[in-house]
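# Coordinate analysis (summary)
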Amino acid sequence: MRIEISHKFVLGFVVVVGSIVFLDYLVPVLGFIPQSMQQFVSTLGALLVGLVFGWIFSKAFTSNIGILTTGAERLSHGDLSRTLKLRKGLVSDETEDLADSLNLVVDNLRKVVGKIRTTSVRVNESSQGLSASAEEMTATSHEVAGAIEQISRGAETQAEMVEKVSRVIRDLAGSIEQITASSQILALSSAETTKTAKDGGQLTDTALEKMKLVLSDVEGNSRQMVSFSEHVQKIGTIIDVITGIAQKTNLLALNATIEAARAGEYGQGFAVVAEEISKLADSTSASAGEITRLIDTTRDESLRVHQSMLDSVRAIDAGRGAIDSTSGVFRAIIEKAEDAQGKAHKITALTEQQNKNATEIVAAIEEISRVAEDNAAGTEQVSAATEEQSAAMEELTYASQKLAQLADELLTTVSRFNLGSDAEAPA
Amino acid sequence: MTQLLPFTLGAERYALKLTSIQEVVDGAQLHYLPVTPATFLGAINVHGQVVPVVDLPLLLGFDPAPVCQRFLVLSPQILSLALAVHQLESVINVDLQHLALMQSDEPQNCIAGVVHWHEKMINLLDLEQVGHIIETQLK
Amino acid sequence: MDMTKYKAMFLSESREHLQKMATLLVEIEANPQNSASLDALFREAHSIKGMAASMGYQQTANLAHQLEDSLDHFRQLGQIDSATIDRLLAGTDLLARLLEDIHADRTERSTAAFLAVPIAAATQAAPIAAPISAATLPQTSEQQIRLSLHESIAAPGARLLVLLKQLESLGQILACQPEKNRILSGGNYRKLDVRLKTSVTGAEIKERLKVYSEISQLDIQEPKPPTALGAAMAGSTTVRIPTELLDRFIHLTGELMTNRYMLHSAAQQKNWLSLNEGLGQLARLVKNLHHQVLKVRMMPVETVTARLPRLVRDLARTSNKEIHLELEGSGIELDRAILEELTDPLVHMVRNAVDHGIEHRGTIVVRAWRQRDQVMLQVADNGRGMDPQALRRQAVNKGLITPAQAQIMRDYESFQLVCLPGFSTAPQVTATSGRGVGMDVVKAAVEKLGGVLHIESAPQQGTRMTLKLPLSVAILKALLVRVDEKLVAIPLTRVLQTLEIDSAQIQMSGKHRVFSHHEELLPLVSLRKILDLPNPQAALQISVVLTEAFGRKVGLVVDGFAGQREVFVQSLPAPLDHLKGLGGGTILGDGSIVFLLDIQGILERRRGGEPKV
């Protein structure tokens, strides 16, 4: 039953009053009590009732208030672990409500604190973690910064090297140009040589032509001699044929004689003819023999003439040979000069090519150089950025540390609260 | 008067009656004649006939006949052969009454008789004997 | 001049008539009632008489007349007896000899003796007279005697006269070279060539003349039996050709002449196309000509077998045996040249069969048949047969083979022993054979023709002698082989196969090289070696000609093959014709000469004729 306190007071009063009243009624009822003491007893009684009630009531009330007060005191000390338990009374009143509310407050506070605690623990952890990561990151970014430094430095070195290379290339280009120049000179000189040699060749050619004319004259004569000799040879061959025929005729005559002999008397006339033929063949042979001898003599003489002609021809040939070889020499020179010219041209072409290549390389190198510089700049930027980041990271670290600190403080603060053996214990 | 064809065999002079000879061939190609002894030089083509050639000097014990020359083709009625000799000479006319028939101890010489002619001695070749010698060689 | 032409014709025709008569007579003997044959006989005799009379050959005409008369008589009679047949046969024989005389330009021999005995009347005296007056060849024969005197003896002429006198005492001198007169007139002769008609055998003559030491060489030959065909073929220069064939020849000649002009003008114009055409035509014409000529040359085997009935009959009579002769395949045609050469061998073989083969009675079969491109001619009897053992013994006894050879000799080789000269198992020389000159001549003749002689026999089972002959001896197919850069030819009929073998296939068997062919081990013979040519370089591939020698297969190693040709073979002249191993020669298209080899012959020569491989 819930009776508000006020009610309870009222009631009390009522009771008392009532009791008085009652008593007033009662006592007289009672008969024993004397009516001089009846009012006293009534009043005493009322007082007693009133006292009793008042004691009961105020006890309860006071105890509750006392619990409440204890509770609140506890709470002010941060002990959130207990709930207020009021005395269960028959009648509940606002103190109960107050207890309830106070319990509720404690509960909620407990919860909140518990949560805060948990959360702050977590935060602590996180911040520690964060701090750790931040440290890592700091370290890393230091590293990066370091690397970037290196790169930067490297880039600088590269730039230097590029410069160096570039310089070398430029030198090369320079020397190539020199070569080009000299090969051009070479080409020129070999052209001159060619020309000179050609002139020389022409001169010898003319000389040669003249010699050839002379030679052909001589050869013409020689050929006449040869053909004469050949005719003589031919005659010889024909004479051989004739001799052969004569021999064959002889053989035929012999066979004819044999046939004639076989024919017996009928062959006699034939035998005579055969003999004549044989004689004829013999005389032919003889004449052929004479002619052969004449031919031989003629042949010998013509051979001699032929020989001397051959000698002159040979001398002329020698002279021609010499000229030929001179001409040959000139030709060789011309060839070589042309060759050299050609080669010089080639060299020029090549060197021009080289030159071009070198220029291209230079350009490329310069590109690289630029790029390297850009790189360097870039890396510088990166380096700076990294530094910033590093600083930021340090701040972060610091902040997180602070956070951790705060979290710790919070935790500490919160830990003042006693949450009892609740499950709200920090995890 | 008989006509003889003289030829030399070594240092000796022999001769044959013209009637024993069919013809003289020149430059005939010698073809291989197998199975025969060395006295057969080969065979020649005479007007489409196959005629074996015998080295006469070799047959009679002289030095072999020189290479490539004229062969004496004998009359087929006597011997179907051709003979190689050392040197052929020109036809001579001889009176055979002056022929002294030989009675030689050596039938190997194949001499049927000897004839004087212009201070020279000419042996008449005995073809039958030649045939016999060849036959003996072929056995 | 004219007469000689007619003489040749007369002789050729008369011989034919005689041959027909002989055949008819034998037929009639078997079949005495055959009137058609009698008529034919009569006509033949009549023809001969007419011709002889018109030619002026009196003796011949007379004889023919007598025969004709007697035949007329018997023809009217319708039959004839065997004694008369004998007489008539004798008459034909005499006629044959008369023809010979005419052929040799001799005066005809006298027929008086013969005519004296009338044919009809001789019937009574027949049994006795028959053997005598049958005048069969063995009784009086003709011998060709050639003798030469030593070079060293004196007075050769006189000695010859003495010898001549001796011979005269032995018989009748039919011909003598040099003539007696010449010797008498003092010619310097050392040689004598006499044809003697005598009843004395050649051996006896030799004996008689042995006393004369001055004789350096004595040759006695029995000339061929002068029956119709032998003489006809030996001496005849004419041959009968159907006019149709002649027409063809004329035609061909005409075409050849046209072809010649065509070739000539084509060559002049250098028109090769025409030339080629012309040459093609020429080839065709030549081939045609070849065929026609071959046809002319071909004669039926009958030509040689026709005389056999008569021969067998006579032989049977003289030896008192009953022999039946069968002729088969007489229509098969062979080259004349071959037939000519076969006449004697056949006679020898038949004689042998009669004498040695058949004891008392039996049958002789003479068969001819074609086998691929060869003609087989076989004389078979069903008589005694030959015992190889006995043959071997005989050969050893006669010193023809050594006992060692006899030991390893096989039976089929032993039969070939009968072909060795000097071999004869007949204990005595009979009139018909046994002189030991028969079979070697046969074998030589056969091999000379490029053929082979096979002899098969068994005791009591008869003997079979087979001649394997090429169709034509003149034109035959030959395999050209190269040996030491030279060409030689082997008749294709002797070539079994041509092979190329690896040198690795050659094995040694003792001292001889052999190689394996179709699971047989065959000996290898190097042609270079047997021709005494230098050894070849070793080669990986060896060319081998598979041929037969001594009945066995043999591989002949040559350098290489040079193709097959159909060649026209010329037989070699004496003395090379008896050279064993050398066949004829032929001229190839390019004018070169190639000789045919008889491998077996060469091998025989090298081994001295021993019949072992």
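Residues numbered from 1 in each chain as written. Chains lettered and ligands numbered in written order. Predicted model: local features only at pLDDT ≥ 70, side-chain atom pairs only at ≥ 80, totals over all residues. Heavy atoms only, no water.

### Topic: the interface of chain B and chain A
Let me state the cut-off plainly: Contact criterion: two residues are considered in contact whenever any of their non-hydrogen atoms come within 4.5 Å of each other. Two parts placed together each lose some accessible area under a 1.4 Å probe, and adding up what both lose gives the buried area. We define a salt bridge as a side-chain nitrogen of Lys or Arg found within 4 Å of a carboxyl oxygen belonging to Asp or Glu.
If you look at the interface, chain B gives 13 residues, while chain A gives nine residues. Of the roughly 990 Å² buried between chain B and chain A, counting both surfaces, carbon and sulfur atoms make up 61%. Looking at the side of chain B facing chain A, the largest losses of area belong to Leu-18, Val-24 and Arg-70 of chain B, adding up to 37% of the total buried there. Run the count over chain B and chain A and you get zero salt bridges.

### Examining the confidence of the model for chain C
Residue and element names in this part refer to chain C. For the record, the criterion: As a per-residue measure, pLDDT reflects the predictor's confidence and takes values from 0 up to 100. What counts as a helix is a DSSP run of H or I of at least four residues, what counts as a strand is a run of E of at least two, and both are numbered from the N terminus.
Across chain C, the average pLDDT comes to 78, with 87% of residues at 70 or higher. Of all helices and strands in chain C, the one with the weakest mean pLDDT is helix α6 (residues 122-133) (37), whereas strand β13 (residues 486-491) scores best (92). Ignoring residues within four places in sequence, the model shows residues 427-436, a span with pLDDT below 50, making 18 contacts including any to other chains. Segment residues 609-613: pLDDT under 50, and 19 contacts once partners within four positions in sequence are set aside and those in other chains are kept. This prediction of the complex comes with two scores: 0.48 for pTM and 0.88 for ipTM.

### Things to note about the interface of chain B and chain C
We apply this condition: Any pair of N or O atoms that falls within 3.5 Å is considered a polar contact. Within protein, one atom must be able to donate a hydrogen and the other to accept it, and sequence-neighbouring residues count only if both atoms are side-chain atoms. Residues are grouped as follows: Ala, Val, Leu, Ile, Met, Phe, Trp, Tyr, Cys and Pro are nonpolar; Asp, Glu, Lys and Arg are charged; all remaining types, including Gly, are polar.
Counting residues at the interface gives 26 residues for chain B, matched by 31 residues for chain C. Summing both partners gives a buried area of about 2,400 Å² for chain B against chain C, and 67% of it is carried by carbon and sulfur. Looking only at chain B, the three residues that lose the most surface to chain C are Tyr-32, Val-35 and Val-50 of chain B, adding up to 30% of its buried area. Applying the counting criterion to the chain B and chain C interface returns zero salt bridges. For the interface between chain B and chain C, the tally reads four residue pairs in polar contact (both at pLDDT 80 or more). Of all the secondary-structure elements, those providing two or more residues to the side of chain B that touches chain C are β4 (40-46), β5 (49-55) and α2 (127-138) of chain B. Ranked by the residues each element gives to the side of chain B that touches chain C, the list is headed by α2 of chain B, at five residues. Partitioned by chemical class, the residues of the side of chain B that touches chain C number 14 nonpolar, nine polar and three charged.

### Points about the pattern of salt bridges
Residues and elements named next belong to chain C. Selection criterion: Exposed residues in this analysis have more than 50% of their type's maximum accessible area, buried residues have under 20%, and partly exposed residues fall in between, with area computed by a 1.4 Å probe over protein chains only.
Using the criterion set out here, one finds 23 salt bridges over all chains in the structure. With a shortest N-O distance of 3.2 Å, Asp-411 and Arg-392 are connected by a salt bridge. Linking Asp-411 in helix α18 (residues 411-416) with Arg-392 in helix α16 (residues 388-397), this pair joins segments that are 19 residues apart in sequence. Given a relative accessible area of 11%, Arg-392 falls into the buried group. Between Glu-456 and Arg-464 there is a salt bridge whose closest N-O contact spans 3.5 Å. Looking at Glu-456, the relative accessible area reads 39%, which means it is partly exposed. Overall, the relative accessible area of 31% leaves Arg-464 in the partly exposed class. Here the residues in one salt-bridge network are Asp-86, Asp-93, Arg-310, Arg-313, Asp-314 and Arg-317, joined through shared partners.

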